Amino acid sequence: MLSLARGVVLATALALIVAGAAGASAHSLRMTAAVPDFGPNVKILDPSMTTAQIKAIVDPIAAQQKSNEFGSERYALLFKPGNYGVSSPLNFNVGYYTEVAGLGALPSQVTINGTVDIHNQCDLTGFCVALTNFWRSLSNLTIHINAGPKGGCDGVAEFWAASQAAPMRRVQIDGGLTTLFDFCSGPNYSSGGFIADSVLPGVVINGSQQQYLMRNSSVGIWTNAVWNQVFAGVEGAPAQSFPTPPYTTLATNPASREKPFLYVDANQHFNVYVPDAQTDSTGATWTSGQTPGHSLPIESFFIAKPTDSIQAINNALSLGQNLIFTPGVYDIDKTIKVKRADTIVLGLGMATLTAEDGVIPMTVADVPGVEISGLIFDAGDTTSPTLLQYGDRRPQGQSDVHQASTDPSDPGALHDVFFRIGGPHVGKAVTALSVGRDNTILDDIWAWRADHGNGVGWTTNTADTGVEVTGDNVVATGLFVEHFQKYNVIWSGENGKTVMFQNEMPYDPPNQAAWQHDGVLGWAAYKVADSVKTHEAWGLGSYCFFNVDPTIHASRAFEVPVTPGVKMHDLLDLSITRHGTIDHVINDVGAPNNADTTPENVVSYP
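Residues numbered from 1 in each chain as written. Predicted model: local features only at pLDDT ≥ 70, side-chain atom pairs only at ≥ 80, totals over all residues. Heavy atoms only, no water.

Peer 1: Any chance you could explain the sheet that holds strand 26 (residues 336-338) here in plain terms?
Peer 2: Strand pairing in a sheet relies on backbone hydrogen bonds, with the paired strands running either antiparallel or parallel. Pairing in this open sheet of eight strands is parallel, and the strands run 26-28-30-32-34-36-40-43 from one edge to the other. Each of the sheet's edge strands pairs with one partner strand only, and the pair in question is strand 26 and strand 43 (558-559). Relative to strand 28 (residues 362-364), strand 26 is paired through three bridges, and the arrangement is parallel. By the bridge assignment, Ile336 is partnered in strand 28 with Met362. (Pairing = 2+ DSSP bridges. Helix = DSSP H or I, 4+ residues; strand = E, 2+ residues; numbered from the N terminus.)

Structure below.
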């Protein structure tokens, strides 16, 4: 339970702020300080610091977080504008639950002469992979590659060997090789990934990355593909060639809204910049000047800490405040209610909201422009109906129900929002994410029913569906949904679009009888409802690995209505090491995937 007494004090202070009073309260003092009180796990680094001083902060965090996959520690490493590693290169690693970000208005205002790396994790047998390098991020800075004292194989590149939930945004990397897998140890498997609004003018090695999305960026050379590499609005991207090699390339990205970000202005004042929406766009948003958008002063944000009560947070939202969650794990014993249009909710350091007693941790009203960014939602041990309800859920087939102030020029957005059912502890939910609001952008979503960790089992971490979309004109760019027990995605809103979908079916059905419905074997990974008339998607992959009973079949990976307005491009399924069979790729098209980890492909449907 969070502190209710402190919440009352903070709510009173917020009322004074909204009324225009310069309060003597603790909270108003906290908000008007030159450096806001973001708590002890936000480390603000200054270019006057030496490399040794910075490494004395960042290296112990990296060591602690390297293998801390389900721990409760959270960190944000924020670099003020300036140049770092000038006299001695700054090289450091990024572990679990660590955000690395520049505080400039532009990525060029923070330059790290060195590297910011993620490497493989190795077990006691020397088996080294990046398959579980999750929950970390890099954003809003420039890296000028300088290996410095790293040496050897590690000294030849900037390494970002990550899998899901490890986004790179608003980054420029100059002066050398960028690799998305760690080739210095093996077998170096990796399963990412997401890059947006970035400039990578050199060589980018995809390597072992099974799938990847790069959007609204530029790249010098992209080296290779494995199963499903997707580019949308990327200057220099490989040409469309799916499935040989499996590049899916869209000249423009249908819809985007870049993630809001903290920055420090010329007066050393903290603000949050909120980019505007774009349609049919290409390239990074900031290469010719600041991204179109607007700035919000830090005073317009309630800066929450894990000790704050939910009542205090809701009071602040009711008074018109935006919301920042500082790093930590928040026990959510009542629903956080976002009701005001254009509210910005921003998590720092992979802040995590854990449902208690079956509550829905957060709901967003049917209002335009609300943006939720940088949060992890964890299910608790009592079943929640959903973990995030974004807009009111509409019954299937009622897509024409009126929504107030539906404005396509002011879409809502979810950026780098991740969901877990099990892993750190037992978790249960019916659905992880439910999207009912029209004109919403889902930008890098990973909904994960845990296949390893704590509280894992077919009847333990139970969840039907990862993502449910009932709103119209919803666009998903980078939709990663894994291991749910029925449809991983079910989409009943009209005119939906998905650019890059990655899925693994549940590993753990005990037998075929436990995983079938209505005469259908298993459940499709991506289901477009029978009532839908328009839907389009590009670059979709679904994999099976039924490790409890490898004889299990799924009738199909993708299931859509057969109608002219539903168009699917560049789809694949595969069986990982012959653990199970998917009989068809989409509807009844595509052969059974009974070969060993070899994709069955469908270039277009119908």
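Next comes the rest of the account.
Peer 1: Can you help me understand the nonpolar core in this one?
Peer 2: When a protein is soluble and globular, its nonpolar side chains tend to lie buried together. Core analysis: the biggest nonpolar cluster contains 80 residues, and Phe325, Met362, Ile372, Phe419 and Tyr526 have the highest contact counts within it. With five residues, helix 4 (residues 310-318) is the largest single contributor of residues to this core. The next biggest cluster of nonpolar side chains, apart from the first, holds 38 residues, and it includes Tyr75, Tyr84, Ile145 and Leu180. (Core = buried A, V, L, I, M, F, W, Y, C linked by side-chain atoms within 4.5 Å. Buried < 20%, exposed > 50% of the residue type's maximum accessible area, 1.4 Å probe, protein only.)

Peer 1: What exactly am I supposed to notice about the state of the cysteines here?
Peer 2: Here is the idea: a disulfide is a covalent bond, and it sits between the sulfur atoms of two cysteines. For the structure shown, the criterion picks out two disulfides. Linked covalently through their sulfurs, Cys122 and Cys128 form a disulfide whose S-S length is 2.0 Å. Here the disulfide of Cys122 and Cys128 is right-handed, its torsion about the S-S bond being about 115 degrees. There is a disulfide in this structure between Cys153 and Cys184, and the S-S distance comes to 2.1 Å. Handedness of the Cys153-Cys184 disulfide follows from its S-S torsion of about -90 degrees: it is left-handed. (Disulfide = S-S within 2.5 Å.)

Peer 1: Mind showing me how you'd approach the pattern of salt bridges here?
Peer 2: Side chains that differ in sign of charge can pair as their charged atoms come close. Applying the stated criterion to the full structure yields 21 salt bridges. Close ionic contact of Lys55 with Asp59 constitutes a salt bridge, the shortest N to O distance being 2.9 Å. With a gap of four residues between them, Lys55 and Asp59 both fall in helix 3 (residues 51-65), about one helical turn apart. The partly exposed category is assigned to Lys55, whose relative accessible area is 25%. The exposure class assigned to Asp59 is partly exposed, which follows from its relative accessible area of 28%. Its salt-bridge partner being Asp530, residue Lys527 comes within 3.1 Å of it at the nearest N-O pair. Residue classification places Lys527 among the buried positions, given a relative accessible area of 8%. By relative accessible area, Asp530 is classed as exposed at 59%. Overlapping salt bridges bring together Arg169, Arg215, Glu258, Lys259, Asp416 and Asp443 as one network. (Salt bridge = Lys/Arg side-chain N within 4 Å of Asp/Glu carboxyl O.)

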